[in-house]
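Working through the structure, step by step
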Amino acid sequence: MAEWRTSHITTSLGLIGTTGGSTWPAARVLASFLSRLGTNGVSQPGEESSLMSSRILELGSGTGWLGLAICTNTSPSYLLLTEQSQGGALEHLKQNIEQNRTSNGIDAQGVVMDCCTLDFGDHDEDHPVMKANWDFVIGSDLVYLPELARSLPETWASLLRGPSKPLILYCHTLRRYDDLDQALFENAKKLSLHVFELPDADAFHAFASGKQKWDQLERAAAHGSDGVPCDLFGEQRVVVYGISL
C-alpha cells in the first residue's frame, strides 16, 4: 500500500515552553501506521480506510502535520486538533491549518476540521473535548516533561471513561527520556490503563475488536509485573501503542 500524501507545513522553533513548533518523527511513523489500516486488516488498493467517516481527536497537534495528512488522505467526518494554552503553539497550529485548507483540498473534501486549547489534566466535564463523542484519539511524542508523564495518562483515562470510549493510539519514542518513559507507564497502570504495543494492522484490529485471547497474550508479552514494557531500557525505537481500560 502506498504511503499517504503529506501536507507541507512550515515549522517555527521559536515557541516558548512547548515542542509544538516542530513535526517530530513519531508523527510520521503514526501517519504511516494509519495509512495501512483498512476496514479489516492491512489496507488494500481501493479499500476504505478505518478512519473513514470517523470522529478523531488529536492531542498535542503541534504543527498540525498529522491531522492535515489524515484529512488529505482519508475522509473523517470531523477532526479536532488541540494544543496547550501556553507558548503560542495554538496560534501557530491555526495558521498552518488555514494555510493548507485550500492548497491540500481539505475544504473540497467536506472534512470539518477545528482546533482548540486542551491542556493535559484539564478534565472539566463541561470542556467540549470531554463532552464530545470520539471514535479515535491520537497523539505522538507528547511526554517531554515530568508533569506530562502524569497528566497525559489522566487525560486518556478521562476520555475512556467518557461517553464514547474511543480507540486511543499513541506513538512514542521509547528511551528518548528513560525516566519519563517509566513514569508514563507506571502512571498509566495506576489509573488501570492497559498499554499494548501494536506492531501492525492485524494487531490494531485485534486490539480494536477486544479479542480476549490476543489481549491476554499481548499483555503478558509486552509488560513485566510492574506494568512497564519489558524492553524499556535498550535501543531507542518508535512504537505505536493502543491504550485501553
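Above this text you will find the structure in question.
A brief report on the enclosed structure follows. This one's a predicted model, so the numbers in the text were calculated from it and none came from an experiment.

A few words now on the overall build of the chain. A tally of helices and strands in the chain yields nine helices and seven strands. Looking at the chain alone, contacts between residues at least 24 apart form 75% of all its contacts between residues at least 6 apart. Within the structure as shown, the chain displays about 10,900 Å² of accessible surface, and the carbon and sulfur contribution to it stands at 50%.

With mixed pairing, the seven strands of this open sheet are ordered in space as β3-β2-β1-β4-β5-β7-β6. Edge positions in the open sheet fall to β3 (112-117) and β6 (194-197), since each of these has one partner strand only. Each strand axis lies, on average, 25° off the axis of its neighbour in the sheet, ignoring direction. Across four bridges, the pairing between β6 and strand β7 (residues 237-244) is antiparallel. Within β7, the position partnered with F196 by the bridge is G242.

All right, on to the packing of helix α1 (residues 25-35) against helix α2 (residues 65-73) then. It is at 9 Å that the axes of α1 and α2 come closest, and there the two elements cross at 20°. Judged on the interaxial angle alone, α2 and α1 are roughly parallel. The crossing of α1 and α2 is right-handed. Contacts between α1 and α2 pair A27, R28, L30, A31 and L34 from the former with W65, L66 and I70 from the latter. For the contact of α1 with α2, the class distribution of residues is seven nonpolar, no polar and one charged.

Our next topic: the pattern of salt bridges. Summed over all chains, the structure comprises two salt bridges. Note that R150 and E154 form a salt bridge whose closest N and O atoms lie 3.2 Å from each other. In this pair, R150 and E154 both sit in helix α6 (residues 146-160), four residues apart, roughly one turn of the helix. By relative accessible area, which is 24% here, E154 ends up partly exposed. R237 is the partner of E197 in a salt bridge, and the nearest nitrogen-oxygen pair spans 3.0 Å. Of this pair, E197 sits in strand β6 while R237 sits in strand β7, placing them 40 residues apart in sequence.

What follows concerns the pairing of strand β5 (residues 167-174). Each regular strand carries side chains that alternate between the two faces of the sheet. Across the eight residues of β5, seven count as buried, placing the element largely inside the fold. By the bridge criterion, five bridges tie strand β4 (residues 136-140) to β5 in an arrangement that is parallel. The partner of S140 across the bridge, within β5, is C171. Note on the crossover from β4 through α6 to β5: the handedness is right-handed. In this sheet, β7 lies alongside β5 in antiparallel orientation, the contact comprising seven bridges. Opposite C171, over in β7, you have V240 as the bridge partner.

Rules used throughout
- Residues numbered from 1 in each chain as written.
- Predicted model: local features only at pLDDT ≥ 70, side-chain atom pairs only at ≥ 80, totals over all residues.
- Heavy atoms only, no water.
- Helix = DSSP H or I, 4+ residues; strand = E, 2+ residues; numbered from the N terminus.
- Contact = heavy atoms within 4.5 Å.
- Areas by Shrake-Rupley, 256 points an atom, 1.4 Å probe, with all protein chains shown as cover.
- Pairing = 2+ DSSP bridges.
- Axes fitted to C-alpha atoms, helices over the stretch in contact; angles between N-to-C directions.
- Parallel < 35°, antiparallel > 145°, perpendicular 65-115°, else oblique.
- Left-handed = near helix turned anticlockwise from the far one by under 90°.
- Nonpolar A, V, L, I, M, F, W, Y, C, P; charged D, E, K, R; others polar.
- Salt bridge = Lys/Arg side-chain N within 4 Å of Asp/Glu carboxyl O.
- Buried < 20%, exposed > 50% of the residue type's maximum accessible area, 1.4 Å probe, protein only.
- Right-handed = clockwise from strand over helix to strand, strands pointing away.

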